[in-house]
Amino acid sequence: MPKTIQRWTRSHEFWLLAVVVILSMFLTAATDSFLTLQNLFDLLTSTSFAGILAAGLLVVLVFGGIDISFTAIASVAQYVALMIAKTYPIGWFGVFFVACCTGILCGLFNAAIIHKVRISSVIVTISTLNVFFGLLIYITRGDYITSLPSYFREGIWWFEFTDSNGFPYAINFQALLLVVAFFMTWVLLNKTNIGRQIYAMGGNEIAVERLGFHVFGLRCLVYGYMGFMAAIASISQAQLAQSVTPTTLIGKELEVLAAVVLGGASLTGGNGSVFGAVLGVMLIAILQNGLILLGVSSYWNQFFVGCVILLAVSATALSQRRRHAGLAS
């Protein structure tokens, strides 16, 4: 067997892909509706929000940081952009521009606090989660935005077709943004010098700083990128929901973190791949969808997601211990 194939079969992504395939086969056999075009399209559309956030969080984890505030950033960016779009004819470009600027500013605020005050990123982003969300609720009084511009309500539908049962299908707005988000992240991490610096930073921050890397600049880029992806995800979710609710995005942090960690990203930094993150998002989405199709109460969702995080972190820790033991011997 070629060494490339041997290396691939030993990788975390290979075994994760095997789990996704086995789970899909089980759900196909156990239910009549899992492997249907309608369910698969619905699954792709509903997963876009978590998937886009996972693309941003992967970069933060590879860097060696963590961000818990991304749902609050998404909520703020979504509300600001669509409140302005509701009042002024800014068009699609204006919606994305305002949302992304808002998200990036929030991300840069996180980066500045973490770097200048030298506080753990977990503590900072848990704090800013409450700060951003609290300010949003205070200013908006929790009011919904239901009157959205017509162009935003219509969204984007490419290559539309209708099946024999009359159900329409197409590459929609959510699927398009999801693909673009993961592609941008892949390019950043694998095809740029900055991506290599991000991986190096996650491996050993002190050594990288001694080599002369601009650590503050990298931290601003990483957390700004997370804010950017949070803004993109928020626009995707608002177009799908056809409304803006300030409280609806909060609480998705566990699901996104589970997907990225399950995909092989280490909480200590330096490890993680876009393909692994994609598989992690797929597994969480298929697991949640399967529970619904099997008639399991939605209250069990958090239980299973928590179990998945525990298993993923444990497996990653055991793998690292074996690798270190192998190097020591």
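Structure shown above.
Report on the accompanying structure.

## What to know about helix α13 (residues 274-293)
With 20 residues, α13 should reach 28 Å at 1.5 Å per residue; the first-to-last C-alpha distance of 28 Å fits that figure. With 15 of 20 residues buried, α13 lies mostly within the body of the structure. Where α13 terminates, the next one or two residues include G295, which has phi positive at roughly 80 degrees.

## Observations regarding the packing of aromatic side chains
One pass over the full model with this rule turns up 10 aromatic pairs. An angle of 35 degrees between the planes, with centres 4.9 Å apart, marks the rings of W92 and F173 as tilted. Taken together, the residues span a long stretch of sequence, with W92 in helix α5 (residues 91-117) and F173 in helix α8 (residues 173-190) at a distance of 81 residues. Seen from the ring of F216, K116 lies directly overhead, with NZ or CZ sitting 4.6 Å from the centre. Of note, R141 hangs over the ring of Y138, and the distance from its end group to the ring centre comes to 4.7 Å.

## A word on the layout of surface pockets
Taken as a whole, the second largest pocket spans an internal volume of roughly 500 Å³. Around the second largest pocket, the lining is made up of 24 residues, and of these S46, T47, K252, E255 and Q288 lie nearest the centre. Going through the elements one at a time, α3 (37-63), α11 (215-241), α12 (253-262), α13 and α14 (301-328) are the ones with two or more residues in the lining of the second largest pocket. The dominant element in the lining of the second largest pocket, judged by the number of residues it contributes, is α3, at 9 residues. Of the residues belonging to the lining of the second largest pocket, the class tally is 9 nonpolar, 12 polar and 3 charged.

## Some points on the environment of L108
One can find L108 in helix α5. A relative accessible area of 32% means that L108 is categorised as partly exposed. Beyond its immediate sequence surroundings of up to four residues, L108 is in contact with C220 and G224.

## Things to note about the state of the cysteines
Taken as a whole and assessed by the stated rule, the structure comprises 0 disulfides. Free cysteine: C100, not disulfide-bonded; nearest cysteine sulfur from C101 at 7.2 Å.

## With respect to the environment of L262
Among the structural elements, L262 can be located in helix α12. For L262, a relative accessible area of 9% translates into the label buried. Measuring from C-alpha to C-alpha, the distance between L262 and A277 comes to 7.5 Å, with 15 residues separating the pair along the chain.

## Some details on α3
In this model, α3 (27 residues) spans 38 Å end to end at C-alpha, consistent with the 39 Å of a helix rising 1.5 Å per residue. The sharpest bend along α3 comes to roughly 50 degrees, located at S48. Within α3, 20 of the 27 residues are buried, which leaves the element mostly enclosed by the surrounding structure. Backbone geometry just after α3 places G64 at a positive phi near 105 degrees.

## A short note on the side chain of S273
Note that S273 resides in the loop between α12 and α13. Within the structure, the side chain of S273 is placed 2.6 Å from the side chain of E13, a separation counted as a polar contact. In contact with S273, other than residues within four places in its own chain, are E13, L58 and Y199.

## Section: the environment of A175
Among the secondary structure elements, A175 is positioned in helix α8. Relative accessible area serves as the criterion here: at 9%, A175 is assigned to the buried category. Note: C-alpha distance between A175 and T47 (128 residues apart in sequence) is 8.8 Å.

Thresholds, definitions, all that
- Residues numbered from 1 in each chain as written.
- Predicted model: local features only at pLDDT ≥ 70, side-chain atom pairs only at ≥ 80, totals over all residues.
- Heavy atoms only, no water.
- Helix = DSSP H or I, 4+ residues; strand = E, 2+ residues; numbered from the N terminus.
- Expected span 1.5 Å × (residues − 1).
- Buried < 20%, exposed > 50% of the residue type's maximum accessible area, 1.4 Å probe, protein only.
- Phe/Tyr/Trp six-rings, centres within 6.5 Å; stacked < 30°, edge-to-face > 60°.
- Lys NZ or Arg CZ within 6 Å of the ring centre and 35° of its normal.
- 1 Å grid on protein atoms, 1.4 Å probe; cavity = no way out; pocket = protein on both sides within 12 Å on 5 of 7 lines; lining within 4 Å.
- Points joined across faces, edges and corners; volume = space filled by probe spheres on them.
- Nonpolar A, V, L, I, M, F, W, Y, C, P; charged D, E, K, R; others polar.
- Contact = heavy atoms within 4.5 Å.
- Disulfide = S-S within 2.5 Å.
- Bend = angle between axes of the 7 residues up to and from the residue.
- Polar contact = N/O pair within 3.5 Å; in protein donor to acceptor, adjacent residues only side chain to side chain.

The quantities given are spatial measurements derived from coordinates; they are silent on function.
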